[in-house]
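Descriptive structure summary
Here is what each chain is made of, one letter per residue.
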Amino acid sequence: MTTVTLGPNGPAVSALGIGTWAWGDKLFWSYGKEYDSTALQEAFKAALAAGITLFDTAEIYGFGESERLLGQFMQQMPQQPVQIATKYFPLPWRFTGDAVADALTASLKRLQLPSITLYQVHWPFDFFMGQTTLMNALADEVQQGRIQSVGVSNYSAEQMQRAHEQLAARGVPLAVNQVQYSLLARQIESNGVLKTAQDLGITILAYSPLAQGLLSGKYTAETAAPSGARRLDPRFSRSGLEKLAPVIQVLWSLAEQYERTPAQVALNWLIAQGNVIPIPGAKNADQARQNAGALGWTLAPEDVERLAQVTQAWQ
Ligand SMILES: NC(=O)c1ccc[n+]([C@@H]2O[C@H](COP(=O)([O-])OP(=O)(O)OC[C@H]3O[C@@H](n4cnc5c(N)ncnc54)[C@H](OP(=O)(O)O)[C@@H]3O)[C@@H](O)[C@H]2O)c1
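Let me sum up the structure you'll find in this document. (Residues numbered from 1 in each chain as written. Predicted model: local features only at pLDDT ≥ 70, side-chain atom pairs only at ≥ 80, totals over all residues.)

**Some remarks on the overall build of the chain**
Regarding its fold elements, the chain presents 10 helices and 10 strands. Relative to the compact-globule value of 20 Å for 315 residues, the chain shows a C-alpha radius of gyration of 19 Å, a close match. Judged by the C-alpha coordinates and their principal axes, the chain covers about 50 × 40 × 35 Å. In the chain, which comprises 315 residues, the proportion classed as buried is 46%. Sequence separation of at least 24 residues holds for 79% of the intrachain contacts in the chain that already meet a minimum separation of 6. (Helix = DSSP H or I, 4+ residues; strand = E, 2+ residues; numbered from the N terminus. Rg over C-alpha atoms; globule rule 2.2 N^0.38 Å. Buried ≥ 20, exposed ≤ 12 C-beta atoms within 10 Å, placed from the backbone. Contact = placed C-beta atoms within 7 Å.)

If you want it as structure tokens, here you go:
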């Protein structure tokens, strides 16, 4: 399995991770209705069997349930190396560095782990705490060994640069900026995030890399819309799906050419950008296996370009 380092010299992880927002989340996703913990455990096992070791979670996913499920699944496969990336949520009433330590303690307890591979700040809010206190608290945790690397999420180029400098003052690299990035969300190519990350050696973790399922090709103007919150997303409406049809057509044609699936082609395109680790969500073993199959092969440069051309409107 191909591995990449997080940041310039951080931990080596699989070149694709599995996102676990849907694991235990009933608010946005339909956990407990359309899929359950048994299906998720099968997804976990299938990902590991396919060589994926990186799992992305957050303290807020399912109000801790995502971390709790991961903790249980890991306990049942104690020999299996797993790398956890979780996230700290900067709530307004968390205003001292101790709040970071307490949130991490609670996450580690749910995960049943003494330490994790990556700890990320979920959104660039700091309220009364301020970024300096926040970054110092994270650097303290690296020094204490409870986290191996530090990341941020949803940070602009400028915010990322500042976090990089604040951590560097403590001798800790900023390893990751986790941002939305897919063929249907290409803003980071023009807003400076991708370029700044490349210049500073910060790895991009691409979230919603399948545009929440749209790039799998299974949602079309003729099929039923997904249940749950995605029903309210105009991209999943009839007109949204009609607009998407030319993109899906190219994905299907490349999928046939490479004997892959549209989802695998869409994920492979992200990897082709360099310095990008996609973290697609998976709700069952089949999705986990399929997404892992985005690794181990490469789209030809002209096909990478063809996808860039057909998704120019999403840049
Ligand atoms: N930092 C942040 O602010 C932030 C925000 C959002 C997400 N994230 C992270 O990024 C991860 C992934 O993002 P996401 O879950 O929003 O979107 P995504 O990965 O683009 O899409 C995931 C959804 O697509 C469908 N799917 C996945 N693999 C498939 C396959 N091979 N074939 C067909 N359908 C497939 C599944 O839903 P259906 O089967 O129901 O269609 C799945 O729940 C999250 O789990 C989370 O870890 C982070």
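**Observations regarding the environment of V310**
Here V310 lies in helix α10 (residues 301-310). Residue class for V310 comes out partly exposed when judged on the 16 C-beta atoms lying within 10 Å of it. Discounting residues that sit within four places of it in the chain, V310 has contacts with P246, V247 and V250.

**Points about the site of the ligand**
Around the ligand sit 28 residues in total, of which G19, W21, G213, S216 and G281 are the nearest. Per-element accounting of the shell around the ligand gives the leading share, three residues, to helix α9 (residues 285-292). Taken together, the residues of the shell around the ligand sort by class into 11 nonpolar, 14 polar and three charged. (Near = placed C-beta within 6 Å. Nonpolar A, V, L, I, M, F, W, Y, C, P; charged D, E, K, R; others polar.)

**Some thoughts on the sheet that holds strand β9 (residues 203-207)**
Strand pairing in a sheet relies on backbone hydrogen bonds. The paired strands run either parallel or antiparallel. Overall, parallel pairing links the eight strands, which are arranged β3-β4-β5-β6-β7-β8-β9-β10 in an open sheet. Each end of this open sheet is capped by a strand with a single partner; those strands are β3 (17-19) and β10 (276-278). Looking at each pair of strands side by side, their axes are set apart by 25° on average, direction ignored. Strands in contact with helix α5 (residues 157-168) are β7 (150-153) and β8 (174-180); relative to β8, the strand with the most contacts, it is inclined by about 160°. (Pairing = 2+ DSSP bridges. Axes fitted to C-alpha atoms, helices over the stretch in contact; angles between N-to-C directions.)

**Regarding the environment of S37**
With respect to the element layout, S37 can be found in helix α1 (residues 37-49). In sequence terms S37 and Q83 are 46 residues apart; their C-alpha atoms lie 20 Å from each other.

**Side note on the pairing of strand β5 (residues 83-88)**
Counting buried residues in β5 gives six out of six residues, a clear majority hidden from the surface. Both faces of β5 are covered, namely the face carrying Q83, A85 and K87 and the face carrying I84, T86 and Y88. In this sheet, β5 lies alongside strand β4 (residues 54-56) in parallel orientation, the contact comprising three bridges. Residue L54 lies in a different strand from β5, and its bridge partner there is Q83. Once the chain exits β4 it traverses helix α2 (residues 65-75) before rejoining the sheet at β5, and the crossover so formed is right-handed. Relative to strand β6 (residues 118-121), β5 runs parallel, the two being bridged by four bridges. Residue pairing for β6: A85 is matched across the bridge by L118. Crossover handedness for the path β5 to helix α3 (residues 97-111) to β6: right-handed. (Right-handed = clockwise from strand over helix to strand, strands pointing away.)

**Notes on the nonpolar core**
Ranked by internal contacts, the top residues of the largest apolar core, which has 94 residues, are A47, A206, L215 and A266. Those residues in contact with L215 that sit more than four places away from it in its chain are S182, L183, L184, L210, L251, P262, A263 and A266. (Core = buried A, V, L, I, M, F, W, Y, C linked by C-beta atoms within 7 Å.)

**Focus on the packing of α5 against helix α6 (residues 193-200)**
Where α5 contacts α6, the axes come no closer than 9 Å and their chain directions differ by 20°. The angle between α5 and α6 places the two elements in the roughly parallel class. The crossing of α5 and α6 is right-handed. Contact residues: α5 offers A157, M160, Q161 and H164, while α6 offers V193, T196, A197 and L200. Looking at the contact of α5 with α6 residue by residue, the classes come out as five nonpolar, three polar and no charged. (Parallel < 35°, antiparallel > 145°, perpendicular 65-115°, else oblique. Left-handed = near helix turned anticlockwise from the far one by under 90°.)

**Some thoughts on the packing of α1 against α9**
Interhelical geometry of α1 versus α9 gives an angle of 25° and a closest axis separation of 7 Å. By the angle class used here, α1 and α9 are roughly parallel. α9 is crossed by α1, and the crossing has right-handed handedness. Within the contact between the two elements, α1 uses E42, A43, A46 and A47 and α9 uses A285, Q287, A288, R289 and A292. Looking at side-chain class alone, the contact of α1 with α9 contains six nonpolar, one polar and two charged residues.

**What about the environment of N275?**
Relative to the helices and strands, N275 is located in the loop between α8 (262-272) and β10. Note on N275: 13 C-beta atoms within 10 Å, which makes it partly exposed. Taking the C-alpha atoms as reference points, N275 and A197, separated by 78 residues in sequence, lie 8.4 Å from one another. Setting aside chain neighbours within four positions, we find N275 in contact with A197, Q198, T203 and I204.

**A short note on the pairing of β6**
Side-chain alternation along β6 places L118 and Q120 on one buried face and Y119 and V121 on a second face that is also buried. Summarising the sheet, β6 and β7 pair through three bridges and their orientation is parallel. Residue pairing for β7: Y119 is matched across the bridge by V150. Following the chain from β6 across helix α4 (residues 131-144) to the adjacent parallel β7, one finds a crossover that is right-handed.

Any link to function would need more than the numbers given here.
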